[in-house]
Structure formats: C-alpha cells, structure tokens
Amino acid sequence: QVQLVESGGGLVQAGGSLRLSCAASGSIFSINAMGWFRQAPGKQRELVARITSGGRTNYSDSVKGRFTISRDNAKNTVYLQMNSLKPEDTAVYYCNALDSWISIAWGQGTQVTVSS
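Calculation criteria
- Residues numbered from 1 in each chain as written.
- Predicted model: local features only at pLDDT ≥ 70, side-chain atom pairs only at ≥ 80, totals over all residues.
- Heavy atoms only, no water.
- Pairing = 2+ DSSP bridges.
- Helix = DSSP H or I, 4+ residues; strand = E, 2+ residues; numbered from the N terminus.
- Axes fitted to C-alpha atoms, helices over the stretch in contact; angles between N-to-C directions.
- Disulfide = S-S within 2.5 Å.
- Buried < 20%, exposed > 50% of the residue type's maximum accessible area, 1.4 Å probe, protein only.
- Core = buried A, V, L, I, M, F, W, Y, C linked by side-chain atoms within 4.5 Å.

Asker: Residues and numbers for the sheet that holds strand 3 (residues 18-26), please.
Answerer: Read from one edge of the open sheet, 4 strands run 1-3-8-7, paired in antiparallel fashion. A single partner strand is all that each edge strand has here, and the edge strands are strand 1 (2-7) and strand 7 (67-72). Sheet twist, expressed as the mean angle between neighbouring strand axes with direction ignored, is 20 degrees. Pairing of strand 3 with strand 8 (residues 77-82) involves 6 bridges; the strand directions are antiparallel. Within the sheet, the bridge partner assigned to arginine 19 lies in strand 8 and is glutamine 81.

In structure tokens form, the structure reads like this:
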C-alpha cells in the first residue's frame, strides 16, 4: 500500500504564492505517476497537474504558467508550487498516486484559500 501525506496549504491573498508538498511512503516502487487534484465546494474534483516517474508533466489549462509540479525522488516527495494565485484557485487540494495509470492512493487533502 501507498500512503500520501500533504502539507503546505493555507490562506493567501490574491497574487500570492504557496507550495504544497506530498510525501509518499509504503510500496512506492509501484508508483508510475503522481498528481495534484483539487475540489472546490459544489464542484467535481479536477486534475491540476501530474508528473510521471520519468519527469513528464501536464497541467490543466487553468493553471498553466502559474503552477509548477516537481518531484524529489530522494525524498519520495512531490511538490506543487503555486504562483499568482486567484480566488478561483480556492479548493481542497489532494495528492494522488498512480500505478500503471490506475489510482492507488489519495492524500487526506489540504485547504488552499485565496482571498481577493
């Protein structure tokens, strides 16, 4: 099994920055990709960014140019650097791990609130 623990959420003003971290433990050898999703009140959970074990990344159109996903393999940690934050980025952010492109674990979620 894989366990994911997120950290780094909080309250920030519009235009500010936050960095989220997701530490993975357990059967991490099976992970081929990790990603960040978010869910705002009354909305469906959506993919924000994803990074493969080979370092390839993809982003949702709404965050391209503002968010950067990265990984530190030595620390088994994935990061989401969020810049130029907007009120519409307010959501609970979840870390996700994939094995052969099948979701195998979710973090507990971390709240990000952007005030206008």
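Asker: So what about the state of the cysteines? Which residues, and what values?
Answerer: Evaluation of the coordinates by the stated rule reveals 1 disulfide. Here cysteine 22 pairs with cysteine 95 through a disulfide, and the sulfurs are 2.0 Å apart. The sign of the -85 degrees torsion about the S-S bond sets the cysteine 22-cysteine 95 disulfide as left-handed. Note that cysteine 22 is positioned in strand 3 and cysteine 95 in strand 9 (residues 91-99), a separation of 73 residues in sequence. In terms of burial, cysteine 22 and cysteine 95 fall into one category: buried.

Asker: Give a detailed account of the nonpolar core, specifying residues and quantitative values.
Answerer: Judged by nonpolar contacts, the single largest core of 27 residues is most densely connected at Leu4, Met34, Trp36, Leu80, Met82 and Tyr93. Where this core is concerned, the elements lending two or more residues are strand 1, strand 3, strand 4 (33-39), strand 5 (46-52), strand 7, strand 8, strand 9 and strand 11 (110-115).

Asker: Requested: an account of unusual backbone geometry, with residues and values cited.
Answerer: Within the chain, asparagine 76 stands out as a residue other than glycine whose phi angle is a positive 50 degrees. Mapped onto the elements of the fold, asparagine 76 is located in the loop between strand 7 and strand 8. We classify asparagine 76 as partly exposed; its relative accessible area is 31%. A positive phi is found at serine 84, a non-glycine position, where the angle reads about 50 degrees. You can see serine 84 is positioned in the loop between strand 8 and strand 9.

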